Amino acid sequence: MLMIAPGRFWILLALIAAGTLVSLVVWNTFLPESSAISQFTFLCISAFILINILAYYSGKRAIHSKSKFRFVQLMMMLILFKMMVCVALVAAHMKINHPESKLFVLPFLTIYLIFTLFEIYVLERLARTNTPSSSPQRS
């Protein structure tokens, strides 16, 4: 079976989060004006962790749905939800913190890219779980 087991998902998510934090520490060393290590970036990482958890468990439920289109509907809803969360995070940060440099967007985009790639990997594995080629053949 191709599906990622919950234990493996949590381990991979923890590794992705730790790797993201390490990359932001390195980023902050070379480009401190980007505020790569800030309350905003920790909030973003937390938000993307929650989105990935939501995507994983929703995806697991959707692949077992009787509707063939439930998984696709879920993916479209997740994309819309993630876009709204991203816009809200950046807008709130700009309104509340009034950052001096617009370089804060670079760490945000890095976080977005890393967690989106992980989400795509996980959901792609879930989607392949119920494909005819992954189901055992009956004689």
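Higher on the page you've got the structure.
Residues numbered from 1 in each chain as written. Predicted model: local features only at pLDDT ≥ 70, side-chain atom pairs only at ≥ 80, totals over all residues. Heavy atoms only, no water.

Caption draft 1: The overall build of the protein chain, seen in detail. From N to C terminus, the protein chain includes four helices and zero strands. Its C-alpha atoms give the protein chain principal-axis dimensions of about 65 × 25 × 20 Å. At a minimum sequence separation of 6, the contacts of the protein chain that also span at least 24 residues come to 78%. When the accessible surface of the protein chain is split by element, carbon and sulfur atoms take 71% of a total near 9,000 Å². (Helix = DSSP H or I, 4+ residues; strand = E, 2+ residues; numbered from the N terminus. Contact = heavy atoms within 4.5 Å. Areas by Shrake-Rupley, 256 points an atom, 1.4 Å probe, with all protein chains shown as cover.)

Caption draft 2: Representation of unusual backbone geometry. The phi dihedral of His-98 falls on the positive side, at around 45°, and the residue is not glycine. Along the chain, His-98 falls in the loop between α3 (70-97) and α4 (105-129). Judged by its relative accessible area of 59%, His-98 falls in the exposed class. (Buried < 20%, exposed > 50% of the residue type's maximum accessible area, 1.4 Å probe, protein only.)

Caption draft 3: A look at the side chain of Lys-82. Mapped onto the elements of the fold, Lys-82 is located in helix α3. At a separation of 2.8 Å, a polar atom in the side chain of Lys-82 contacts the side chain of Glu-119. Other than its neighbours up to four places away in sequence, Lys-82 contacts Phe-48, Ile-51, Tyr-112, Thr-116 and Glu-119. (Polar contact = N/O pair within 3.5 Å; in protein donor to acceptor, adjacent residues only side chain to side chain.)

Caption draft 4: Main features of the packing of aromatic side chains. If you walk through the whole model with that rule in mind, you get eleven aromatic pairs. Both rings, one in Phe-40 and one in Phe-104, keep their centres 5.6 Å apart while their planes meet at 80°; by these two values the pair is edge-to-face. Of this pair, Phe-40 sits in helix α2 (residues 39-63) while Phe-104 is found in the loop between α3 and α4, placing the two residues 64 residues apart along the sequence. The residues Phe-40 and Phe-104 share a single accessibility class, namely buried. Measuring from centroid to centroid gives 6.2 Å for Phe-48 and Phe-108, while their planes differ by 50°, and the two rings are tilted. Within this pair, whereas Phe-48 is found in helix α2, its partner Phe-108 is found in helix α4, the two being separated by 60 residues in sequence. Accessibility assignment for this pair places Phe-48 and Phe-108 in one class, buried. Taken together, the aromatic side chains of Phe-40, Phe-48, Phe-104, Phe-108, Tyr-112 and Phe-115 make up a single cluster linked through ring pairs. (Phe/Tyr/Trp six-rings, centres within 6.5 Å; stacked < 30°, edge-to-face > 60°.)

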